[in-house]
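Chains, contacts and geometry: an overview
Each chain, letter by letter, is given below.
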Amino acid sequence: MTKTSKQLRVFSGVQPTGNLTLGNYIGALSQWVTHQADNETIFCVVDLHTLTIPDSISPQERRQKIREVVGLYLACGIDPKKSVIFVQSHMKQHTELAWLLTCVTPLGWMERMTQFKSKSHKQESIGSGLLMYPVLQAADILLYETDLVPVGEDQKQHIEIACDIAQRFNHLFGETFRLPKAVIPKSGARIMGFDDPTAKMSKSIAQVKSGHAVGLLDDEKAIKKTIMSAVTDSKQEFSLEDASPGVLNLLTIYEVLTKTAREDAVNRFNGKGYGHLKKDVFEAVMEVVAPIQQRYLQYSAEPGFIEDVVKEGAESITPLADKVMRSALQATGMG
Ligand code: AQP
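Residues numbered from 1 in each chain as written. Predicted model: local features only at pLDDT ≥ 70, side-chain atom pairs only at ≥ 80, totals over all residues. Heavy atoms only, no water.

1. Observations concerning the side chain of Arg 62
Within the element layout of this structure, Arg 62 appears in helix H2 (residues 59–76). There is no salt bridge for the buried Arg 62, and the closest opposite charge comes from Asp 47, which lies 7.1 Å off by N-O distance. Within the structure, the side chain of Arg 62 is placed 2.8 Å from the side chain of Thr 50, a separation counted as a polar contact. Non-local contacts of Arg 62, meaning those with residues more than four positions away in its chain, are made with Thr 50, Leu 51, Pro 54 and Ile 57. (Helix = DSSP H or I, 4+ residues; strand = E, 2+ residues; numbered from the N terminus. Buried < 20%, exposed > 50% of the residue type's maximum accessible area, 1.4 Å probe, protein only. Lys, Arg positive; Asp, Glu negative; His and termini not counted. Salt bridge = Lys/Arg side-chain N within 4 Å of Asp/Glu carboxyl O. Polar contact = N/O pair within 3.5 Å; in protein donor to acceptor, adjacent residues only side chain to side chain. Contact = heavy atoms within 4.5 Å.)

Structure, rendered in structure tokens:
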């Protein structure tokens, strides 16, 4: 891959752990699409990360979800002519680099990660992969000499640790890795669950709790039910001054999907009942989701199309991954 001096290299990914949600779209995928215009963009389906909770989905479901996530990348507007799209497990360099990075990462750094603390509480038995997840994520990012990583707010700590790991490696073995920076959207960086506005909207919660999230492939009836039953508060009318977290969440979703400024959105809903806000959020969501679903059906029905996209993606990215892997090995005196 060649990169002109004006472009920055952008890398990001999503785990195929469930149905992609509106939170994934607002916090990640919609941002990715805008980066395609000016930057060199690489998007990965990070399937190896799904093994950190090994029995969360079956092997058959995992295979099907990997294909589904690629289809959704395309349907959301990631264009394989402008961006590289590939599947993490098709590139052996990710796990190879992860080992080198594991060896320079202090255990204490991993134990402090917020996501490890919250996810490990929910597990009866914790695999060491869950603890070391941020190292594999660091390898994903560093392998492509990434400048920018567009993500939702929940991933900020992981990008910072990727930077710390790169700096530690560079310090021990000499300048090897480029230091990445997280790009977090100003609005919509943390979309909350419709059923519980204190919890981040998340695809794995959505698998076990109905009413938590809008899935990008949910049908219109289910989307309407989820939004119209969203938790608000006992007040009857909208007012920004004493808006509860559930009301603010709905307002944020409306603003980002319709590209409306806060002041205009507030004027629109001021003094009106929450039913009005929910109805407008539902319409805004359908406006975005319906064309995504149409395109998804087209791409997923075309025999071999998705498979070709990820095969070509992996082929095009291999020389860069090989180059970085080789320099990391050589820095340590191996390879
Ligand atoms: N609620 C959210 N609001 C804004 N952005 C979000 N993202 C996830 N949830 C929200 C962003 O989407 C990308 C997906 O990253 P991931 O698949 O690696 O996992 P995640 O961050 O843990 O996302 P989920 O949906 O919560 O997955 P599960 O349930 O499997 O853990 C990231 O850029 C993330 O910031």
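Having seen the structure, we can now continue with the description.
2. Overview of the environment of Lys 200
Along the chain, the position of Lys 200 falls in the loop between strand S5 (181–183) and helix H8 (203–208). As for Lys 200 and Pro 16, which are separated by 184 residues in sequence, their C-alpha atoms are 17 Å apart. Beyond its immediate stretch of four places on either side in the chain, Lys 200 contacts Asp 154, Arg 190, Ile 191, Met 192, Gly 193, Ile 205 and His 212.

3. Some thoughts on the packing of helix H1 (residues 22–35) against H2
Geometry of a packed helix pair, given as the angle between the helix axes and the separation of the axes. Viewed as axis vectors pointing N to C, H1 and H2 meet at an angle of 60°, and their least axial separation amounts to 9 Å. For the element pair H1 / H2, the angle class is oblique. Where H1 crosses over H2, the two elements pack in a sense that is right-handed. Across from Tyr 25, Leu 29, Trp 32 and Val 33 in H1, the residues of H2 making contact are Leu 72, Tyr 73 and Cys 76. Here the contact of H1 with H2 is composed, by residue class, of 7 nonpolar, no polar and no charged. (Axes fitted to C-alpha atoms, helices over the stretch in contact; angles between N-to-C directions. Parallel < 35°, antiparallel > 145°, perpendicular 65-115°, else oblique. Left-handed = near helix turned anticlockwise from the far one by under 90°. Nonpolar A, V, L, I, M, F, W, Y, C, P; charged D, E, K, R; others polar.)

4. Considering the pairing of strand S1 (residues 9–14)
By the criterion of burial, S1 is predominantly enclosed, with 5 of the 6 residues buried. The pairing of S1 with strand S2 (residues 40–45) spans 6 bridges and is parallel. Bridge assignment links Val 10 to a residue of S2, and that residue is Thr 41. Regarding the hand of the β-α-β motif, the stretch spanning S1, H1 and S2 is right-handed. (Pairing = 2+ DSSP bridges. Right-handed = clockwise from strand over helix to strand, strands pointing away.)

5. Some points on the packing of H1 against helix H10 (residues 245–258)
As a packed pair, H1 and H10 sit with axes 12 Å apart at the nearest point and diverge in direction by 55°. In terms of axis orientation, H1 runs oblique to H10. Of the two elements, H1 crosses H10, and the hand of that crossing is left-handed. Of the residues in H10, those in contact with Leu 22, Tyr 25 and Ile 26 of H1 are Ile 253, Val 256 and Leu 257. Here the residues of the contact of H1 with H10 are counted per class, giving 6 nonpolar, no polar and no charged.

6. Comments concerning the pattern of salt bridges
Under the defined criterion, the tally for this structure stands at 15 salt bridges. Among the ionic pairs, Asp 233 bridges to Lys 235, the shortest N-O distance being 3.5 Å. The exposure class assigned to Asp 233 is partly exposed, which follows from its relative accessible area of 22%. Judged by relative accessible area, which is 31%, Lys 235 ranks as partly exposed. With its nearest N and O atoms 2.5 Å apart, the salt bridge here joins Glu 255 to Arg 262. A relative accessible area of 6% places Glu 255 in the buried class. One salt-bridge network, held together by shared partners, links Arg 9, Glu 40, Glu 145, Asp 147, Arg 178 and Lys 323.

7. Let's talk about the pairing of strand S3 (residues 83–87)
Counting buried residues in S3 gives 5 out of 5 residues, a clear majority hidden from the surface. Of the two faces of S3, the one lined by Ser 83, Ile 85 and Val 87 and the one lined by Val 84 and Phe 86 are each fully buried. By the bridge criterion, 5 bridges tie S2 to S3 in an arrangement that is parallel. When the bridges of S3 are listed, Cys 44 appears paired with Phe 86.

8. Digging into helix H7 (residues 156–173)
For H7, built from 18 residues, the straight-helix expectation of 26 Å at 1.5 Å per residue is met to within 8% by its first-to-last C-alpha distance of 26 Å. When we look at burial in H7, the residues that qualify are His 158, Ile 159, Ile 161, Ala 162, Cys 163, Ile 165, Ala 166, Phe 169 and Asn 170. With its phi angle positive at about 95°, Gly 174 sits one or two positions after the end of H7. (Expected span 1.5 Å × (residues − 1).)

9. Focus on the site of the ligand
The immediate surroundings of the ligand are formed by 23 residues, with Lys 119, Asp 154, Ser 202, Lys 203 and Ser 204 found nearest. With respect to the ligand, the side chain of Asp 154 contributes an N or O atom lying 2.4 Å from an oxygen atom. Between the ligand and Ser 202 there is a distance of 2.6 Å, counted from an oxygen atom to a side-chain nitrogen or oxygen. Burial of the ligand by the protein amounts to 98% of the accessible area it has alone, namely 640 Å². With 4 residues, the top contributor of residues to the shell around the ligand is H1. Taken together, the residues of the shell around the ligand sort by class into 7 nonpolar, 11 polar and 5 charged. (Near = heavy atom within 4 Å. Areas by Shrake-Rupley, 256 points an atom, 1.4 Å probe, with all protein chains shown as cover.)

10. Some remarks on the side chain of Ser 202
You can see Ser 202 is positioned in the loop between S5 and H8. What Ser 202 contacts, discounting residues up to four positions off in sequence, is Thr 21 and His 212.

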